[in-house]
Amino acid sequence: MIVKIEAYIREDKMEDVIDALATIDIHGITCYQVMGCGSQHGVKEYTRGKQEVELHLLPKIKIEVLLSTEKCEQRVIDTIQKAAYTGEKGDGKILSYDVRSAMRIRTHETGPEAIQPSD
Ligand SMILES: Nc1ncnc2c1ncn2[C@@H]1O[C@H](COP(=O)(O)OP(=O)(O)OP(=O)(O)O)[C@@H](O)[C@H]1O
Ligand SMILES: [Mg+2]
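All figures in this text were calculated on a predicted structure; none of them were measured in a lab.

Colleague: Just to check I follow, could you spell out the overall build of the protein chain for this structure?
Modeller: Along the backbone of the protein chain there are two helices and four strands. Traced from its N-terminal end to its C-terminal end, the protein chain shows the element sequence β-α-β-β-α-β. Considering the protein chain as a whole, with its 119 residues, one finds that 32% of them fall into the buried category. Here the analysis covers contacts within the protein chain between residues at least 6 apart in sequence; of these, 73% occur between residues at least 24 apart. In the form shown here, the protein chain has an accessible surface area of approximately 8300 Å², with 50% of it arising from carbon and sulfur atoms. On the protein chain, the mean spot of the 16 positive side-chain charges and the mean spot of the 20 negative ones are 3 Å from each other.

Colleague: Is there a simple way to think about the pairing of strand E3 (residues 58-67) in this case?
Modeller: Remark: a regular strand shows side chains that alternate across the two faces of the sheet. In terms of burial, E3 is largely enclosed, as seven of its 10 residues are buried. With seven bridges joining them, strand E1 (residues 2-9) and E3 adopt antiparallel strand pairing. Across the sheet, Ile-9 pairs through a bridge with Ile-61, a residue of E3. In the sheet, strand E2 (residues 30-36) pairs with E3 via seven bridges, with the strands oriented antiparallel. Bridge pairing links Gln-33 to Ile-61 in E3.

Colleague: Teacher, can you tell me more about the site of ligand 1 here?
Modeller: Around ligand 1 sit Tyr-8, Gly-36, Cys-37, Gly-38, Ser-39, Gln-40, Lys-60, Lys-89, Gly-90, Asp-91, Gly-92 and Lys-93, and those are all the residues in its vicinity. Here an oxygen atom of ligand 1 and a side-chain polar atom of Gln-40 are 2.8 Å apart. Here an oxygen atom of ligand 1 sits 2.7 Å away from a polar atom, N or O, in the main chain of Gly-92. Compared with its free state, where it exposes 600 Å², ligand 1 has 67% of that area covered by protein.

Colleague: Teacher, can you tell me more about the pattern of salt bridges here?
Modeller: For side chains bearing opposite charge, pairing can occur when the charged atoms are close. Counted according to the given criterion, the structure contains six salt bridges. Linking Lys-4 and Glu-64 is a salt bridge whose minimum nitrogen-to-oxygen distance equals 3.5 Å. Pair noted here: Lys-4 is in strand E1 and Glu-64 is in strand E3, with a separation of 60 residues, a long-range link. Put simply, Asp-91 and Arg-10 hold a salt bridge, and the shortest N to O gap is 2.8 Å. With a gap of 81 residues between them, Asp-91 in the loop between helix H2 (73-84) and strand E4 (93-99) and Arg-10 in the loop between E1 and helix H1 (14-23) connect regions that are remote in the sequence. Residue Asp-91 shares its accessibility class with Arg-10, and that shared class is buried. One network of salt bridges, in which partners are shared, links Lys-4, Glu-6, Lys-62 and Glu-64.

Colleague: Please clarify how unusual backbone geometry should be interpreted in this entry.
Modeller: Residues other than glycine predominantly adopt negative phi, and peptide bonds predominantly adopt the trans conformation. Of note in the backbone geometry, Asp-25 takes a positive phi value of approximately 70 degrees without being a glycine. Topologically, Asp-25 is positioned in the loop between H1 and E2. Using a relative accessible area of 60% as the deciding quantity, one classes Asp-25 as exposed. Of note, the phi angle at His-108 is positive, near 70 degrees, even though the residue is not glycine. Position of His-108 relative to the elements: it lies in the segment after E4. A relative accessible area of 59% places His-108 in the exposed class.

What counts and how
Residues numbered from 1 in each chain as written. Chains lettered and ligands numbered in written order. Predicted model: local features only at pLDDT ≥ 70, side-chain atom pairs only at ≥ 80, totals over all residues. Heavy atoms only, no water. Helix = DSSP H or I, 4+ residues; strand = E, 2+ residues; numbered from the N terminus. Buried < 20%, exposed > 50% of the residue type's maximum accessible area, 1.4 Å probe, protein only. Contact = heavy atoms within 4.5 Å. Areas by Shrake-Rupley, 256 points an atom, 1.4 Å probe, with all protein chains shown as cover. Lys, Arg positive; Asp, Glu negative; His and termini not counted. Charge placed at Lys NZ, Arg CZ, Asp CG, Glu CD. Pairing = 2+ DSSP bridges. Near = heavy atom within 4 Å. Polar contact = N/O pair within 3.5 Å; in protein donor to acceptor, adjacent residues only side chain to side chain. Salt bridge = Lys/Arg side-chain N within 4 Å of Asp/Glu carboxyl O.

Right, dumping it as structure tokens:
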């Protein structure tokens, strides 16, 4: 079983989240700088007249982590939640998915072996 965890977090929480994942022995991570909005439509201050019809995208970070087993899925989700939390709107979201296949290009290994640490 391969699981993919995806998280949308604040830019200034990226380092804390990556450090926290390293402490639970997660080392394979992909990060993206993205633009996004959630249920507030990205509006930070209600000073614009047209905010009800506009989406104001704000810079966010997207993180992806692949796991070779479902075992540590909840641990990774809880670790990201704790490290990314401020309690204010805009803290982000964490999602998880089942992954159908994976391959380590160098060795042709497939399945969970493709995700597990190599020598
Ligand atoms: N429905 C969605 N679809 C795609 N991306 C989303 C969605 N909701 C949130 N995101 C992504 O997550 C980021 C942070 O969202 P945010 O935390 O503001 O969600 P929210 O549902 O508005 O929660 P809150 O009420 O805590 O602000 C967004 O900028 C966007 O990148
Ligand atoms: Mg929001």
